[in-house]
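Residue-level structure breakdown
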Amino acid sequence: MLVKSILKQSPSLFIFITLVLINCYTIFNFIACLKVYQSSLLYYLWSGILTWYTILTLLTIYSFAILIIKDPGSLESLKCDNNPPREFKSTIRYCNKCSGRKWKPPRAHHCTTCNICIFKMDHHCMLINNCIGYSNQKIYILFLFYLACSSSLTIVSSFFLLTKLIIFSLENGIKEMRQALIINLIIHIIIFLTTVIFLFDQIDYISSNSTLVESMTNKRGKKIKLFNNFKMIFGESKYLWFLPLRNIIRPNFNEELYEIIEYPNYTHFSEIRFADNNEQLKSFCELSKINKKISKSK
């Protein structure tokens, strides 16, 4: 049983070890390069940069470990009732894949890999061998944020250190140091570009109150203000937003899903509109026709 669990987590453990080694390699390069500025006031600046990078590294590694270990937001961990409440008026669904006949809220999705129903499931991440859902979406976003910040800090620092090392001779290990910085720079550019793409995807899902799984089925939650949706994921306290702490707000299991309805673009309508019902769609279409007539008259 222990061997099976280890083999199951082997991809995530490999990524975890790789992440630790990359960050240790970067810190080692920074420490080695500090001797370039020993006789300069910039030594204290780069020492501060190294300190911030170390803090971001620790937060990144901790967040990644939490994503691997902790529950992503299963209905059982969130203490969802097996039967829908009386005030629930939408279509009642039950999950036939989970053990026992349990109520499946509208925004719950069954992960075939984890074999559990997860509330507001975004996707199953193969790198951590776990899902991204209601309970750990905040930590996932912060993990990407920490990684993007540390990578950008490394890119800028490595660039300036390389320009400084160009004027040095190739003796006394300066050549090897420069090669190490170039390798480090390339690695972190790749990491930065990758994490920024995933980070912007998450921001887009937050703004539309949706997840990756829901967007694939052309659905989303009720349209609310961006700030309110942000607080639902990151919590009420602003002081804890940037700390990798799990979401403890009790979810609204009665929240319904809405179809994302697109209608053809007309003049003055360049963006895609969302309609929660047919009446709203009709009003959009009528307004677009009026704008089209106005543009023709001009």
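Everything quoted here is computed from the prediction, not taken from an experiment.

1. Focus on the overall build of the protein chain
- Counting secondary structure elements, the protein chain contains eight helices and eight strands.
- Relative to its 298 residues, the protein chain shows a buried fraction of 40%.
- The long-range share in the protein chain, meaning contacts at least 24 apart out of those at least 6 apart in sequence, stands at 60%.
- Summing over all exposed atoms, the protein chain offers an accessible surface of approximately 17,700 Å²; the carbon and sulfur share of this is 65%.

2. Considering the pairing of strand β3 (residues 108-111)
- When β3 meets strand β4 (residues 116-119), the two strands line up antiparallel, connected through four bridges. Paired with His-109 across the strands is Ile-118, a residue of β4.
- If you look at the hairpin formed by β3 and β4, you'll find four residues sitting between the two strands, and Asn-115 has a positive phi there, around 60°.

3. Overview of the UniProt feature "transmembrane region" (unreviewed entry) in the protein chain
- The sites that UniProt annotates as "transmembrane region" (unreviewed entry) are residues 12-37, 43-69, 139-161 and 181-200.
- As annotated, residues 43-69 comprises 100% helix and 0% strand, and the C-alpha atoms at either end are separated by 39 Å.
- With 100% helix and 0% strand, the stretch residues 139-161 has end C-alpha atoms that lie 32 Å from each other.

4. As for the packing of aromatic side chains
- Applying the stated rule across the entire model yields nine aromatic pairs.
- Where Phe-230 meets Phe-234, the ring centres are 4.2 Å apart and the plane angle is 10°; that geometry is what we call stacked. With Phe-230 and Phe-234 both in helix α7 (residues 226-234), this residue pair falls four residues apart, about one helical turn.
- With a relative accessible area of 25%, Phe-230 lands in the partly exposed category.
- For Phe-234, a relative accessible area of 8% gives the class buried.

5. Details of the layout of surface pockets
- Size it by volume and the largest pocket reaches roughly 500 Å³.
- Lining the largest pocket are 20 residues, and of these Ile-15, Leu-127, Phe-143, Leu-147 and Thr-194 sit closest to its centre.
- Here the lining of the largest pocket gets six residues from one element, more than from any other, and that element is helix α5 (residues 174-207).
- By volume, the second largest pocket is sized at about 330 Å³.
- Contributing to the lining of the second largest pocket are 19 residues, with Arg-93, Pro-106, Arg-107, Lys-219 and Leu-257 lying nearest its centre.

6. With respect to the pattern of salt bridges
- On inspection of all chains with the given rule, the structure shows three salt bridges.
- Measuring nitrogen to oxygen at the nearest pair gives 2.8 Å for the salt bridge that ties Arg-107 to Glu-255. On the criterion of sequence distance, the pair formed by Arg-107 in the loop between β2 (102-103) and β3 and Glu-255 in the loop between α7 and β8 (258-259) is long-range, its members being 148 residues apart.
- Classification of Arg-107 as buried rests on a relative accessible area of 2%.
- Here Glu-236 makes a salt bridge to Lys-231, at a shortest N to O gap of 3.8 Å.
- The network of salt bridges with common partners includes Arg-107, Glu-214 and Glu-255.

7. As for the nonpolar core
- Among the nonpolar cores identified, the biggest contains 23 residues, and Phe-64, Leu-67, Ile-128, Ile-132, Phe-143 and Phe-234 are the most heavily contacted of them.
- Elements with a minimum of two residues in this core: α3 (42-69), α4 (137-166), α5 and α7.
- A per-element tally of this core places α4 first, with eight residues.
- Ile-27, Tyr-53, Leu-181 and Leu-185 belong to the second-largest nonpolar core, a separate cluster that totals 13 residues.

8. Digging into the side chain of Thr-60
- Mapped onto the fold, Thr-60 is located in helix α3.
- There is a polar contact of 2.7 Å between the side chain of Thr-60 and the backbone oxygen of Leu-56.
- Once you skip the residues sitting within four places of it in the chain, Thr-60 turns out to touch Leu-19, Phe-143, Tyr-146 and Leu-147.

9. A word on the state of the cysteines
- Across all of its chains, the model carries zero disulfides by this definition.
- In this structure Cys-80 is not part of a disulfide, and its nearest cysteine sulfur, from Cys-117, lies 9.3 Å away.
- Exposure remark for Cys-80: the relative accessible area of 12% places this residue in the buried category.
- Looking at the unpaired Cys-125, the closest cysteine sulfur is the one in Cys-131, lying at 9.3 Å.
- Taking the relative accessible area as the measure of exposure, Cys-125 reaches 13% and is therefore buried.

Calculation criteria
- Residues numbered from 1 in each chain as written.
- Predicted model: local features only at pLDDT ≥ 70, side-chain atom pairs only at ≥ 80, totals over all residues.
- Heavy atoms only, no water.
- Helix = DSSP H or I, 4+ residues; strand = E, 2+ residues; numbered from the N terminus.
- Buried < 20%, exposed > 50% of the residue type's maximum accessible area, 1.4 Å probe, protein only.
- Contact = heavy atoms within 4.5 Å.
- Areas by Shrake-Rupley, 256 points an atom, 1.4 Å probe, with all protein chains shown as cover.
- Pairing = 2+ DSSP bridges.
- UniProt positions renumbered as here; feature names shortened; annotations may be inferred.
- Phe/Tyr/Trp six-rings, centres within 6.5 Å; stacked < 30°, edge-to-face > 60°.
- 1 Å grid on protein atoms, 1.4 Å probe; cavity = no way out; pocket = protein on both sides within 12 Å on 5 of 7 lines; lining within 4 Å.
- Points joined across faces, edges and corners; volume = space filled by probe spheres on them.
- Salt bridge = Lys/Arg side-chain N within 4 Å of Asp/Glu carboxyl O.
- Core = buried A, V, L, I, M, F, W, Y, C linked by side-chain atoms within 4.5 Å.
- Polar contact = N/O pair within 3.5 Å; in protein donor to acceptor, adjacent residues only side chain to side chain.
- Disulfide = S-S within 2.5 Å.

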